[in-house]
Amino acid sequence: MKYQRLKSFDVPLRSPSGIKLAWLVVLLVCLSGNVAVGQQVDFENDIAPIFEYNCVDCHSEDGESGLNLESRANMLVGGDSGLPTIVPGKPEESYLMDVVNHIDEEMAMPPGDDKIPQDEIDLLVAWIQQGAPWPGQMDDVFEQTTDHWSFQPVSNPQVPESEAANPIDAFLLQTLKQQKLSYSAPADPRTMIRRASIVLTGLPPTPEEIADFESASRQNAELAYEMLIDRLLSSPHFGERWAQHWLDVIRWAETNGSESNMYRKNAWVYRDYVVQAFNEDKPYDQFLFEQIAGDSIGCGVATGFLVAGPHVPAATVGQEPSARRQARADRMDEILQTVGASALGLTIGCARCHNHKFDPISIKDYYSMSAVFQDVEFGSRLPELSADDPRQVRGDELWSEIVAARNELIAFGPFEEHWKAWRTIHFQPAVTNEVRISFLWESVIVDELEIFGPSDVSRNLALSDEDTVVESPEEMAIERQELFKINDGEFGTEHWGARGENDSNTKPWVTFKFSSPQEINRIRISSNREDYYETDFLEKMNEGHITPYRIEVREEDGSWRQVAATPRYQRLDENNEARAEGMTRLQDLVDQLVLDGPQPTFVGRFVPPATTYVFGRGSPENPRNEVFAAAPDLLAGDLNIDDDANGLERRIAFANWLSSPANPLTARVAVNRIWHHIFGRGIVATTSDFGAAGAPPTHPELLDWLATEFATPSRSDGTAWSSKEMIRMIVMSKAFRQASLPRQDGISVDADSALLWRFPPRRFEAEVIRDSILVASGSLNPVVGGESFRIHNVKKRYSQWEVVDNHGPETWRRMLYQERMRRVDDQMFTAFDFPDCGQVRARRPISTTPLQALNLMNSRFVLEQAELIAARANAEADGDIGEAIKRCFELLLGRAPDAQELQACLDVTAEEDLSLVCRALINSNEFVFLP
């Protein structure tokens, strides 16, 4: 008897579990003997009874695991697992076959020993193979719906009728009136300039600025306030303040957070991009686009957003293939967490192993979204820069000089350039089909060797993708340092290694055979380029070191001819003064380019996108059906691109979708986050979770009105998505300008001030406390941007970072520019809830601990700054201790002391130094709270 067989298997061969399942299905179909070739399975008589007897008691409408086996449409999408129960024509991809065959005992159905008979399993296989026909349901389609507010289109509600000039106040007052509440009295001018300055720039006003504002307010309070807001919004420190908020959400830091916790080289360049974007008021939709696909428009530094989260580097993961697949899946999850929390306000990661428990996000949505970013890898690259970028301009100038210097030097023979991460050796062009590199010491380690020619200067002829074949003596091979790694295009821990004997006849060598003769003129070689490109501040690990070698080419007659060797082994006239001067000049230009030109920056690197599969239960060892790049289905997530679109095309399409009308989340999340940073709490308190597990909006109509205003071109200049305009409108409201004093009627109805019957006071963030102290002492370096200041040691790879210097003039910059390290306590301001950057921190916790007071009283930083504040006050008071005390109050609190405070301070200074008064003021609630 002949039996029907499966026609094809869409199971990736790299998956042992996938292979096992596929062949199990083949075996069941081919050997069961119960379903003859051509026999048509009848659903009503053959399949329905199986479901009725074994399944539907638990899996009907509203049944267990969200699975309804009474509906073909529901079976096509599956239950909570997110895996399709049936895939017509493909039993090997149908989750039903996994569970009925008890492949996984935890998910076996029916459970325990109640496995259905083999002949019924055979019928199910045949039924699915025949397309899973189900009379009366073949046209049914499962439509995922939700009535959750955040997934509904953004409405444009009418502004309530009100005497309030600002629409924000109209909405808020309407809600307050329903609760029989009203606004509090307006705050005084001193409070308002302190509040506005901290909220908009993170820096307190100077005593002189306070005095000027108070004077102007007496003349025309409204005009004075409007001018104050405009001045603060145009301050270069505005971008620093608001960049800090964004960096919190995306967990940006300058170390990777793993066991080695290595420093990410030049990651600060992305931080400066964010500062500049806020200062320029870059439209928010463009801001998001650049961070996802900025490499397409000459803004490559912006993609640091995608690799802002923590990751485990390859050196820590090791060589085990399954561990490497898991690590890659974890890195993709970090990207999705970043994008989901910051741009969409969704906990995307919850759908990694199964359908989201609360929100309409399926496991298919999760992996379709991961397909968007499959070309992104954690690491560094030379970022794409616009033609007018200062580094690009300087780089182009230096490259012209380098090319000229090379052309002069080649007349003297081969020469070598030292690029820190690699060495490049130049020689006269030679045409050959084979190159041999002979190493002159007994052992060698190479992470990549590249061969170039004069015609296409960027084409690496040595790559395996060029069909170039490499050979080296097998007896010299080093375990786990395979030969293919020398030309696979991967830098870093993927080394080729060889070892001979300390004998001139058995030194390592390698040959590169081209598929056809090629003209070559230079070779680039490195031992660990990753350390230079991606890490910094590691002992003896930031410069490549290579064993000396010589280069030979195969002639037409089969003989070898030497074309170059490393300087130590070149027979050149070193007394040639012109050559020596040329080499010095060339190396100086190279060093200058490394410093002033485009630099390797930890903003991600790009790789060919891999095929994306849904991972059953989140495991890369259990790949299921293939998926293609898309956004969540419920949000009209079809990106309208081909399934085989390259990585950049996928990211561009997704970035455009983010700000499209099909997506109701982006604008809502953005304006809510702005509101949160102004009032200390968002209209939606869970600023990065707009799902069912998040908080509902306190003012839903106001939120939608703000979102509409944000995304709609303004009447004044036609621009949309302006963060500064949105911030300006909010801080100009009467709600923002209220006093913060408590009122019994308000507390009894709304204890946490969510309805804004007063301005909610709150403690400063760690950065504001530190920066305010520096402002008071007059020692703050106000320069915007640049490399982070160092407070940690230089360490070995697996050592830990240690704080070695957290005070002194080199550190007197805004805390934004302090090295931002994961898993490291800075020994002072970490106590003030400064985030570790391991988890999304859309809203910082606010704790009160004894360590905070101890740090503000006795740390070296505060002791140093208190002495500077006291010295400044004494100098400005001409030695009058009473006036000096008043000046300390003005510098730290923005006001003069009252009579009782003055007398208490005079009593202290009669026995102690004035700096003790300064330390006491720094420890006061008035200093560390936003009024």
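None of these values were measured; they are calculated from a predicted model. (Residues numbered from 1 in each chain as written. Predicted model: local features only at pLDDT ≥ 70, side-chain atom pairs only at ≥ 80, totals over all residues. Heavy atoms only, no water.)

Asker: An account of empty space enclosed by the protein is needed here, citing residue identities and associated values.
Answerer: For the coordinates displayed, the defined rule picks out 8 cavities of 30 Å³ or more. Within this model, the largest cavity holds a volume of roughly 130 Å³. Every residue along the wall of the largest cavity is listed here: W242, H245, W246, F278, Y284, A670, R673, I674, H677, F710 and S723. When residues of the lining of the largest cavity are traced back to their parent elements, those giving at least two are α9 (236–250) and α19 (665–679). A per-element tally of the lining of the largest cavity places α19 first, with 4 residues. Tallied by class, residues from the lining of the largest cavity come to 7 nonpolar, 3 polar and 1 charged. Approximately 70 Å³ is the volume attributed to the second largest cavity. Residue lining of the second largest cavity: G202, E240, R241, Q244, E767, V768, D771, R814 and L816, and that is the complete set. Elements with a minimum of two residues in the lining of the second largest cavity: α9 and α23 (766–777). Here the lining of the second largest cavity is composed, by residue class, of 2 nonpolar, 2 polar and 5 charged. (1 Å grid on protein atoms, 1.4 Å probe; cavity = no way out; pocket = protein on both sides within 12 Å on 5 of 7 lines; lining within 4 Å. Points joined across faces, edges and corners; volume = space filled by probe spheres on them. Helix = DSSP H or I, 4+ residues; strand = E, 2+ residues; numbered from the N terminus. Nonpolar A, V, L, I, M, F, W, Y, C, P; charged D, E, K, R; others polar.)

Asker: Now, about the nonpolar core: what can you tell me, with residues and values included?
Answerer: Ranked by size, the top nonpolar core spans 193 residues in total, and within it F51, F373 and F654 carry the most contacts. Broken down by element, the residue count for this core peaks at 9 residues, all from α19. Those residues in contact with F51 that lie beyond four places of it in its chain are F43, V56, L69, M75, L96, L124, W127 and W134. Core analysis: the second largest hydrophobic core is formed by 29 residues, F427, F514, V563 and A564 among them. (Core = buried A, V, L, I, M, F, W, Y, C linked by side-chain atoms within 4.5 Å. Buried < 20%, exposed > 50% of the residue type's maximum accessible area, 1.4 Å probe, protein only. Contact = heavy atoms within 4.5 Å.)

Asker: Summarise the packing of aromatic side chains; cite the residues concerned and give the values.
Answerer: Within a pair of aromatic rings, the relevant descriptors are the distance that separates the centres and the angle that separates the planes. Scanning the model with the defined rule gives 34 aromatic pairs in all. Centre to centre, the rings of Y263 and F537 are 4.8 Å apart; their planes meet at 70°, and the pair counts as edge-to-face. Remark: F537 occurs in the loop between β10 (535–536) and β11 (549–554) and Y263 occurs in strand β1 (residues 263–264); sequence separation between them is 274 residues. With relative accessibility at 17%, the residue F537 sits in the buried group. Summarising the aromatic geometry, the rings of Y284 and F287 are spaced 6.2 Å apart at their centres and angled 40° between planes, so their arrangement reads as tilted. In this pair, Y284 and F287 are both assigned in helix α11 (residues 284–293), 3 residues apart and thus about one turn of the helix distant. (Phe/Tyr/Trp six-rings, centres within 6.5 Å; stacked < 30°, edge-to-face > 60°.)

Asker: I'd love a proper account of the pairing of strand β9 (residues 509–526), names of residues and values included.
Answerer: Here 12 bridges tie strand β4 (residues 423–439) to β9, and the two strands are oriented antiparallel to one another. Its bridge partner lying in β9, R436 is registered against T511. Inspection of the sheet shows strand β6 (residues 448–452) paired to β9 by 5 bridges, in the antiparallel sense. If you follow E450 over to β9, its bridge partner there is R524. Sheet topology note: the strand β7 (residues 469–471)/β9 ladder contains 3 bridges and is antiparallel. From the neighbouring strand, E471 faces β9, where its bridge partner is T511. (Pairing = 2+ DSSP bridges.)

Asker: Got a sec to walk through the pattern of salt bridges? Specific residues and values, please.
Answerer: Opposite charge on two side chains allows them to pair when their charged atoms are near. This structure, assessed with the given rule, holds 48 salt bridges. Between E621 and R325 there is a salt bridge, and its shortest N-O distance comes to 2.8 Å. Of the two residues, E621 sits in the loop between β14 (612–615) and β15 (623–627) while R325 sits in helix α13 (residues 321–344), which places them 296 residues apart along the sequence. With its nearest N and O atoms 2.9 Å apart, the salt bridge here joins R895 to E901. Where salt bridges share partners, they join E208, R872, E876, R887 and E890 into one cluster. (Salt bridge = Lys/Arg side-chain N within 4 Å of Asp/Glu carboxyl O.)

Asker: Report on the pairing of β6, specifying residues and quantitative values.
Answerer: Counting buried residues along β6, 5 of its 5 residues qualify, which places the element largely inside the surrounding structure. Burial along β6 is two-sided: the face carrying E448, E450 and F452 and the face carrying L449 and I451 are both buried.

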